[in-house]
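# Tertiary structure, described
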Amino acid sequence: MIRSFGPNEVLFIVSAIQFTLLLSAVAFAGGMVGGFLVMLARVSQFKALRIAATAFIRVFQSTPLLMQLFLIFFGFDLLGWEVSALTAAAVALTLHASAFLGEIWRGCVESVPRGQSEAGWALGLSYFDRMGSIVLPQATKIAIPPTAGFLVQLIKGTSLASIIGFVELTRAGQIINNNTFQPFLVFGLVAALYFIICWPISLFARRMERRLAVANAR
Amino acid sequence: MSYQFNFGPVFAAFDSLLLGAWVTVQLSVAAMVLGLIVGILGAAAKLFGGRILRVVVDVYIEVIRNTPFLVQIFFIFFALPLVGLRLNPTQAAILALLVNVGAYAIEIIRAGIESISRGQVEAGMALGLGRIHVLRYVILKPALRAVYPALTSQFILLMLSSSVVSTISANDLTAVANDIQSATFSSFEVYLVITVIYLVLAMGLTVVFRQIERITFSYPTAR
């Protein structure tokens, strides 16, 4: 039976935004914590930590996000843990975000001149003081635009959670499309909703980047 | 943990996995070549085109970069037939990949062209090169060289995201894996193996891109 594409269908799709936002927020928050640790390991003075962090980053950057989702999803299954599609997707996207944010932030930290940290060391500051009061405050400023850019990637990436059965925006669209067969309207609406979420973040990232470029040119 | 890994059925079907990997490579290379053309034309339109053309290209870039690839594929595969553009899964996959990578390529190549100084173009003309030659050797080639790392990492991302085309049952690597997993239930094993194949493909592409760079862009810089 083919239903028509009415207000109820629109409402079903629009209300699925909350699950896209929820998954994005969890993965981004988790990715910030994980990415921070990966970044610290990546710039650490211990070689083993650096190698481990580099390997972690490489693996996540050189394999499809979809495979990362599948492996976590079926991996939980194999361990005998019953987890929801939301949990599996949140874990996979968190690891994914940790790798990417770790690499992005490494670049930001390394762009702070080495002499800054060395000067702190010469003044007898501890590792935490050097990182917390000298390096990170300067790196944070540079990190904002690429981090916002990655957030857009992450939000778009949550659409893949639909493939392992989590009902978020894209999956809601698929369900409605299967019932109404109005792909133009359905996927047009879904795309428009993603655009409304992502575009402001992209604009923000670009504005911050331009402001930074002006500040550096001075 | 009592789970017994069962890689047997996966390796029994290894031939079809290799075939799937070959399809993934073909889809990706087709989309890269076409995406590069879209990127060059789009960048030219943005830099030298009229107002309307520039707005059209800008809208294209923003729409593609701020919506998920999965939704773009669904739109192309399910919605376009309604306006008379009926594509088989392979054609739809290539079109979706090329439309997607094109938007990123335009911005990358535009940045490359903008990095070419006016003096360099004038020097080319002063040497008596024609418009086409200036465009090709003085602007485009150095511009592509300047953004080559960004462009190639975008291409590798394209190859990785091509796994998503399995959702419209194009017979790429992931789609083959889906078939094997539904026949054998060795889900984790299948996806682990093809993840390694993707990893190898990504590393292989990196090597190929480095060779292309050595052959194409091996002239010394002015700086």
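Below is a summary of the structure that appears in this document. The structure presented is a predicted model; accordingly, all values stated were derived computationally and were not measured. (Residues numbered from 1 in each chain as written. Chains lettered and ligands numbered in written order. Predicted model: local features only at pLDDT ≥ 70, side-chain atom pairs only at ≥ 80, totals over all residues.)

Moving on: the overall build of chain B. Broken down by element type, chain B carries 9 helices and 0 strands. Secondary structure of chain B in N-to-C order comes out as α-α-α-α-α-α-α-α-α. Structurally, chain B occupies a C-alpha span of about 75 × 45 × 30 Å along its principal axes. For chain B, contacts bridging at least 24 residues in sequence account for 79% of all contacts bridging at least 6. (Helix = DSSP H or I, 4+ residues; strand = E, 2+ residues; numbered from the N terminus. Contact = placed C-beta atoms within 7 Å.)

On to the overall build of chain A. Helices and strands together make up the secondary structure of chain A, namely 9 helices and 0 strands. Counting only C-alpha atoms, chain A reaches 75 × 50 × 25 Å along its principal axes. Of the contacts made within chain A by residues no fewer than 6 positions apart, 76% connect residues no fewer than 24 positions apart.

Attention now moves to the environment of Asn178(A). Structurally, Asn178(A) is set in helix α8 (residues 169-180). In this structure Asn178(A) comes out as exposed when scored by C-beta crowding, with 11 C-beta atoms within 10 Å. (Buried ≥ 20, exposed ≤ 12 C-beta atoms within 10 Å, placed from the backbone.)

Across the contact, 31 residues belong to chain B and 28 residues belong to chain A. Here the side of chain B that touches chain A takes 10 residues from helix α9 (residues 187-216) of chain B, the largest share from any one element. Of the residues in the side of chain B that touches chain A, the class split is 21 nonpolar, 8 polar and 2 charged. (Nonpolar A, V, L, I, M, F, W, Y, C, P; charged D, E, K, R; others polar.)

All names here are of chain B. Residue position: Ile215 is located in helix α9. Overall, the presence of 8 C-beta atoms within 10 Å leaves Ile215 in the exposed class. It is 31 Å that separates the C-alpha atoms of Ile215 and Gln91, two residues lying 124 residues apart in sequence.

Right, let's get into the packing of helix α3 (residues 51-65) of chain B against helix α5 (residues 89-114) of chain B. A pair of packed helices is captured by two measures, namely the crossing angle of their axes and the spacing between those axes. Residues and elements named next belong to chain B. Two numbers describe how α3 lies on α5: the axes approach to 9 Å, and their chain directions differ by 120°. If you check the angle between α3 and α5, you find them oblique. At the point where α3 passes α5, the crossing takes the left-handed sense. Of the residues in α5, those in contact with Val57, Tyr60, Ile61, Ile64 and Arg65 of α3 are Val99, Asn100, Ala103, Tyr104, Ile106 and Glu107. Broken down by class, the residue content of the contact of α3 with α5 amounts to 8 nonpolar, 1 polar and 2 charged. (Axes fitted to C-alpha atoms, helices over the stretch in contact; angles between N-to-C directions. Parallel < 35°, antiparallel > 145°, perpendicular 65-115°, else oblique. Left-handed = near helix turned anticlockwise from the far one by under 90°.)

All quantities given are derived from atomic positions and should not be read as evidence of function.
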